[in-house]
Number of protein chains: 2
Amino acid sequence: MRRPTLEAVAARAGVSRATASRVVNGQTTVAPHIRDAVLRAIDELGYVPNPAARSLVTQRTDSVALVVSEPGTRVFSEDPLFSTAIRSASMELEAVNKQVVLMLASSAKSHARVERYIAGGHVDGVMLISMHGADPLPAALSRLRVPVVSYGRPAVPVDIPFVDNDNVGGAEAGVRHLVESGRRRIATIAGPQDMIAGQDRLAGYRNVLRDSDRRSIVAVGDFTRESGAVAMRQLLGDDPGLDAVFVANDLMAVGALQSLRQAGRRVPDDVAVVGFDDIEAAKYTEPPLTTLRHPVSEQAAAMVKLLLGLFEGGAIDPVILPTELVVRESA
Amino acid sequence: MRRPTLEAVAARAGVSRATASRVVNGQTTVAPHIRDAVLRAIDELGYVPNPAARSLVTQRTDSVALVVSEPGTRVFSEDPLFSTAIRSASMELEAVNKQVVLMLASSAKSHARVERYIAGGHVDGVMLISMHGADPLPAALSRLRVPVVSYGRPAVPVDIPFVDNDNVGGAEAGVRHLVESGRRRIATIAGPQDMIAGQDRLAGYRNVLRDSDRRSIVAVGDFTRESGAVAMRQLLGDDPGLDAVFVANDLMAVGALQSLRQAGRRVPDDVAVVGFDDIEAAKYTEPPLTTLRHPVSEQAAAMVKLLLGLFEGGAIDPVILPTELVVRESA
DNA sequence: GGGGTATGAGAGAGCGCTCTCTCGACAGGT
DNA sequence: ACCTGTCGAGAGAGCGCTCTCTCATACCCC
C-alpha cells in the first residue's frame, strides 16, 4: 500500500513519465487533452509528488530555517517580539510556498546542531534572530555559503544583510519627548550591553542628554520585567530626585512602574516613564505606557523579502525601519 | 564546487561507498582502522550527508510538523501559551534529533496547504495545536494515515491521542476556593464555547455552584484581554452585588481587573478574582492574580513523547495533566 | 587438511523525480 | 515535391544515498 508515483500516474494516463512531470510542474508544452488526462489520473490516484526525490534532483528544498538564537529561555516565552516575528515571517513565507523550519539555538550544543543542519542542505536559506553580541552563529552561518538574513543588526560586523528598526533614533525621540516636557533629571534603564538593541538605545539616550546639557543616570537591566524593577529601585536609591526615566524596553518598564508604585512615586506626576517596543501589555499598565512602537511584523516581512531577494541572486542592502512615539499617560 | 558525496569520501578513504555509508550510520561491522580512514576522509572533505537522498530511500524525514491551527492572529502573539508550547516541544524534539516544521493554519486556504504538505510525506508525524471545535483539520489529518497527536482534546471525537490538562478539575478547584472563602455571588467569565477549554472550564464552574447551592452568573468572552474587560462590565451591570468572579483565563482576568478598578471595586475586598493558566503577567497584576497553573511545558513534552511512541507503533492513551491552584492576593 | 561458520567489505539495484536530448509529426515556404 | 522550422512527447541518464545480496578471507573443530 505505497503512495502512487509519477510512474503510476503516467501509466494510467497513457503517457510517459516525462509528460506527467511536465503537467505536475505546470509546463505549457503539453497539449490540452493530454494535460487533462494526466490531471485526471493524478486526481484518481491521489498523487502527491515526493519532495525528497524532487529536491534530490532540483537541489532545492523550498524551505527555510528560522533560527532563534536566544539563550534566555524565559525571554522567548514572555517577550511577544519573538512570537510576533515568527508569526509574521511564517505567514509571508507561506504566501510564497516555502516552509519554515524552526530551530531554537540556546546552547553551544544546539549551535553545532544548527550548523550541521544548515550545512546539510536541508534548507534553501536561513533567517537568523540573534541579539547577543557574543553569538558565534551569525559568523558561522555566513561562512556556510548559504543565503542568510538577520533580524536585527548582527553585533559582530559580518556580511549578512539585515533588517532592523531605528533603535538610536527611537531612543532619541523618546528622551527628547521627556526633555521637551520639561523633565530635568532623566535616568535610563538600559538593556544588556552585549545586545545591539541595548547598546543602540543607550546611545540614543546619551545623544539627547549630551545635547540638552543634562547629566545621564544609568542603570542596566537584562530586558526582563524583574530586572526593570530592580534597576528602578537602584535608580531611586542613587538619585531620589529623578523626575523621568527612559526604559529600554516595555517589559522592564512594567517592572519599573511597579517599583515606582511601591516607592510611592506617582506616574507621570513625580516621575515620567517612557518605554520601548509598544508591546500589547503597554496599553494596560497603570498608567498606560508612553513608548516607542516599531513594526515587528513589517520587520519580519522585510526580512523575508530580503531572503527571497538573495535567492534571486544579488547582494542586498540592509533595511532600517522607523520607530514611532506613542504618547499615552506615563509621560 | 559541489558538496562532496559519499562516493568522494569512499574514494578518498580507499573503500567502497557501502562501507563509507556503514561508518556514517554508525554500524559496528567495520574494522577499526577502516572506520578511522573513513572518518578522516569525512573530516577532510567536510562531508555532510544529503538528507534528500537519504530520505528518498529510508522513507523517513526525521522531522515533524507543528501545526498551529488558530484563526485569531492576536491570540497567537499575545497568549504565551503558544510560544511556551512551541518552545518546549521544539526542545524535546531537538533532543531526539528531529526537526520542527512550523505551520500556521489560519485560513481555509492554509488548511489545504497543510494537508497537502502532510500528505506529501514531508514529515514523519504531526503535532496539532487546535482549539476550535469547528476546526476540520484534526479529522482531515487523522484520515491521512500519518501519526498525529493533539495538544488539547480535539473538539470532535476523532481517533487522535492527545495531551490535555484537567480543565474541569481546575475550574472546580478555583470555584471551590471562592466558595470556601465565603463568597456568595460567584460569577464567571467563560471562554468561547466553541473551544474545549472554554466549555470544560465553564462546566467545572457549574459543577461546583450546583453542589453548593449558588446561582450561576455567566458572561462569555473570547479569551482576549479586551473581552474580559467587556464581560466584567456586563456582569457588574447585570448583578452589581456579585462578590467573586472566576475568569476562564488570565488574559481575560487582567481585563476584568481593569474594569473592576474602573468601577471602583476593590479586589479582593469587594470582589475576589480567580484566573486560569498562571501566565507570567498574573504575578504582576494589581493585586497579583490567584489562578490555576497548568504545566504547559510538560504538556508539550508529553505530546512529543506521545508522538515518538506512535512512531514505535502502538496506539497510545490520552494524557491528562493535573492543574494546581496558585493563591495570590486577588482571591 | 577438509568442511563449515563467522566476519568484514564490495557490487549493484533501486528510492521517485527532473531535465536534457532526441525524435516524430506536421505546417509552411520555395 | 522537398527542405526547414516548430511543437509536443518519449527515452534515459542521473541526483546521492541505503541496504540486500554476494563473496573473499580467516578461523575453528574434528
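Looking up chain A in an unreviewed UniProt entry gives the name Transcriptional regulator, LacI family, with the organism given as Nonomuraea jiangxiensis.

**Quick notes on the domain arrangement of chain A**
What the domain assignment lists for chain A is domain 1 (6–49), domain 2 (63–165 + 297–322) and domain 3 (167–293). The C-alpha centroid of domain 2 of chain A is placed 38 Å from the C-alpha centroid of domain 1 of chain A.

**Section: the relation of the copies chain A and chain B**
The two copies are related by a screw motion: chain A maps onto chain B through a turn of 180 degrees and a shift of 0.0 Å along the axis, at an RMSD of 0.1 Å. Given the turn and translation reported, the copies of this chain are related as if by a two-fold rotation axis. Here 100% of the interface residues in chain A have copies in chain B that are interface residues too; the copies meet face to matching face.

**A look at a nonpolar patch on the surface**
A cluster of nonpolar residues, A:Leu56, A:Val57, B:Leu56 and B:Val57, forms a patch on the protein surface that exposes about 350 Å² of accessible area. Of all the secondary structure elements, the ones that give two or more residues to the nonpolar patch are helix 4 (51–58) of chain A together with helix 4 (51–58) of chain B. Here A:Val57 is to be found in helix 4.

**Concerning the interface of chain A and chain B**
With 49 residues of chain A at the interface, the matching set in chain B holds 49 residues. Both faces combined, the contact of chain A with chain B buries some 4400 Å², and carbon together with sulfur accounts for 51% of it. Looking at the side of chain A facing chain B, the largest losses of area belong to A:Arg87, A:Arg113 and A:Tyr284, adding up to 15% of the total buried there. Taken together, the links from chain A to chain B amount to four salt bridges.

**Some points on the UniProt feature "domain: HTH lacI-type" (unreviewed entry) in chain A**
According to UniProt, the positions carrying the feature "domain: HTH lacI-type" (unreviewed entry) are residues 4–58 of chain A. Structurally, residues 4–58 of chain A comprises 69% helix and 0% strand, and the distance from its first C-alpha atom to its last is 21 Å.

**Remarks on the protein's contact with DNA strand C**
Surrounding DNA strand C, one finds 28 residues, the nearest of these being A:Leu6, A:Tyr47, B:Thr19, B:Arg22 and B:Ile34. What you see for DNA strand C is that sugar and phosphate hold 62% of its atoms within 4 Å of the protein. In this structure, A:Leu6 approaches DNA strand C through a main-chain N or O atom, which is 2.4 Å from a phosphate oxygen. Measuring from a phosphate oxygen of DNA strand C, one finds a backbone N or O atom of B:Ser16 at 2.9 Å. Contributing elements (two or more residues each) for the surface near DNA strand C: helix 2 (17–24) and helix 4 of chain A together with helix 2 (17–24) and helix 4 of chain B. By residue number, the principal contributor to the surface near DNA strand C is helix 4 of chain A, which donates five residues.

**As for the side chain of B:Ser130**
On the secondary structure map, B:Ser130 appears in strand 3 (residues 125–130). The contacts of B:Ser130, once residues within four sequence positions are left out, are B:Ser69, B:Asp135, B:Pro138 and B:Tyr151.

**Points about the side chain of B:Thr290**
Residue and element names in this part refer to chain B. As for its placement among the helices and strands, Thr-290 is situated in the loop between strand 9 (272–274) and strand 10 (291–293). Reaching out from Thr-290, the side chain makes a polar contact with the backbone nitrogen of Arg-328 at a distance of 2.8 Å. Here Thr-290 is in contact with His-177, Val-273, Val-274, Gly-275, Leu-325, Val-326, Val-327, Arg-328, Glu-329, Ser-330 and Ala-331, once residues within four sequence places are set aside.

What counts, and at which threshold
Residues numbered from 1 in each chain as written. Chains lettered and ligands numbered in written order. Predicted model: local features only at pLDDT ≥ 70, side-chain atom pairs only at ≥ 80, totals over all residues. Heavy atoms only, no water. Domains from an automatic or database assignment. Least-squares fit on C-alpha atoms with pLDDT ≥ 70 in both. Contact = heavy atoms within 4.5 Å. Patch = residues over 30% accessible without salt bridge, like charges linked within 9 Å, V, L, I, M, F, W, Y side chains within 5 Å. Areas by Shrake-Rupley, 256 points an atom, 1.4 Å probe, with all protein chains shown as cover. Salt bridge = Lys/Arg side-chain N within 4 Å of Asp/Glu carboxyl O. Helix = DSSP H or I, 4+ residues; strand = E, 2+ residues; numbered from the N terminus. Buried area = accessible area lost by both parts, 1.4 Å probe. UniProt positions renumbered as here; feature names shortened; annotations may be inferred. Near = heavy atom within 4 Å. Polar contact = N/O pair within 3.5 Å; in protein donor to acceptor, adjacent residues only side chain to side chain.

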